[in-house]
Amino acid sequence: SGKSSIQKVVFHKMSPNETLFLESTNKIVKDDINNSSFVQFEIWDFPGQIDFFDPTFDSEMIFGGCGALIYVIDAQDDYMDALAKLHQTVSRAYKVNPNIKLEVFIHKVDGLSDDHKIETQRDIHQRANDELADAGLDNVHLSFYLTSIYDHSIFEAFSKVVQKLIPQLPTLENLLNILISIGLVYELVAESVLREENESSAYDSESSSIIKLNNATILYLREVNRFLALVCILREDNFDRHGLIDYNFHCFRKAIQEVFEVRLKSQQGMLVGTTIGSSDAGSPQSNGMVTPSPTKPVYA
Ligand SMILES: Nc1nc2c(ncn2[C@@H]2O[C@H](COP(=O)(O)OP(=O)(O)OP(=O)(O)O)[C@@H](O)[C@H]2O)c(=O)[nH]1
């Protein structure tokens, strides 16, 4: 249905056309994403033919420590068998691990018309949920996405799944909101920079880019850490206060580093007495960011 293709396109920069030559997966293939992202996880690619009722299939081990299960359905093919297997898979996974996120990619939708896409999603959604309800599993929640490796949809869907697995996400969002609320910046994008561990790169802490757009706004990029860049859209006249923007950006970068240091320390077994949550991100004051004042601008 396209599982290996998704993983290769999203995490290994393979071009969609090259996936035509991928061989069928005949055993569980583990891919460590730890090296190429600030978000750390492993992807386990299962062979399509795996039999969950085989006694050698250890569902406690497989689903027990798993954050999300992504089930890929080929929307260009007859999906009745796939739906039966979806039901078996999610009920098994949910029994072992009720906290597991259950994600369904309705995949290869590039071959479908817009109407057909909507109808397929509605049909799969309805059948899958009816079957869960019949089995008394009403409280099992499935999320559905229409995906294709031939456009951005697969990146967006995978990103949404990964976001559910980032415990620091509310804090990161809060920090971005604080930066916006200061008023100089009007849109922000924290962009994950995909880079392999051993890849040498010109991208470092001094990296920045300023692009003047033709609608009186500026696109401003700065490095946050090895894998993350911040891209802001600023009004051109606000850019006069460049020093203030940079100062606030430094506060933001420091706060992000602190958020990830907590995880690093707890991974190293040094228990830290604080919990990460949206309330911890604090107020603009506690993050040291400074609001522009017409009389007393603060420069770094
Ligand atoms: N049209 C279209 N084809 C796709 C898409 N994604 C994957 N494919 C094709 O589907 C075929 C099967 O892809 P694989 O990635 O090997 O599928 P798999 O689910 O890993 O298969 P198994 O390893 O046998 O379980 C390949 O020829 C891909 O090029 C898509 O979004 N659209």
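Our subject is the structure that appears above.
Residues numbered from 1 in each chain as written. Predicted model: local features only at pLDDT ≥ 70, side-chain atom pairs only at ≥ 80, totals over all residues. Heavy atoms only, no water.

Draft legend 1. Fine view of the pattern of salt bridges. Here the structure, examined in full by the defined rule, presents 10 salt bridges. In this structure, glutamate 119 engages arginine 122 in a salt bridge whose closest nitrogen and oxygen atoms are separated by 3.0 Å. Of the two residues, glutamate 119 and arginine 122 are both situated in helix α4 (residues 114-134); the distance of three residues between them amounts to about one turn of the helix. Judged by relative accessible area, glutamate 119 falls into the partly exposed class, the value being 41%. Aspartate 123 serves as the salt-bridge partner of arginine 127, at 3.0 Å between the closest nitrogen and oxygen. Taken together, the residues span about one helical turn, with arginine 127 and aspartate 123 both in helix α4 at a distance of four residues. (Salt bridge = Lys/Arg side-chain N within 4 Å of Asp/Glu carboxyl O. Helix = DSSP H or I, 4+ residues; strand = E, 2+ residues; numbered from the N terminus. Buried < 20%, exposed > 50% of the residue type's maximum accessible area, 1.4 Å probe, protein only.)

Draft legend 2. Representation of the environment of glycine 65 within the structure. Positionally, glycine 65 belongs in the loop between α2 (59-64) and β3 (68-74). For glycine 65, a relative accessible area of 75% gives the class exposed. Distance from glycine 65 to asparagine 97, taken between C-alpha atoms, is 7.9 Å for residues 32 residues apart in sequence.

Draft legend 3. The arrangement of unusual backbone geometry in detail. For lysine 13, which is not glycine, the phi torsion reads 55° and is therefore positive. Relative to the helices and strands, lysine 13 resides in the loop between α1 (3-12) and β1 (29-32). Overall, the relative accessible area of 52% leaves lysine 13 in the exposed class.

Draft legend 4. A look at the sheet that holds β3. Taken together, three strands build an open sheet; the order of strands is β3-β4-β5 and the sheet is parallel. Only two strands of the sheet have a single partner each, and these edge strands are β3 and β5 (142-146). Taking each pair of neighbouring strands and ignoring which way they run, the sheet shows an average axis angle of 25°. Note: β3 against strand β4 (residues 101-107), seven bridges, orientation parallel. Each residue of the ladder has a partner; that of valine 72, found in β4, is phenylalanine 105. (Pairing = 2+ DSSP bridges. Axes fitted to C-alpha atoms, helices over the stretch in contact; angles between N-to-C directions.)

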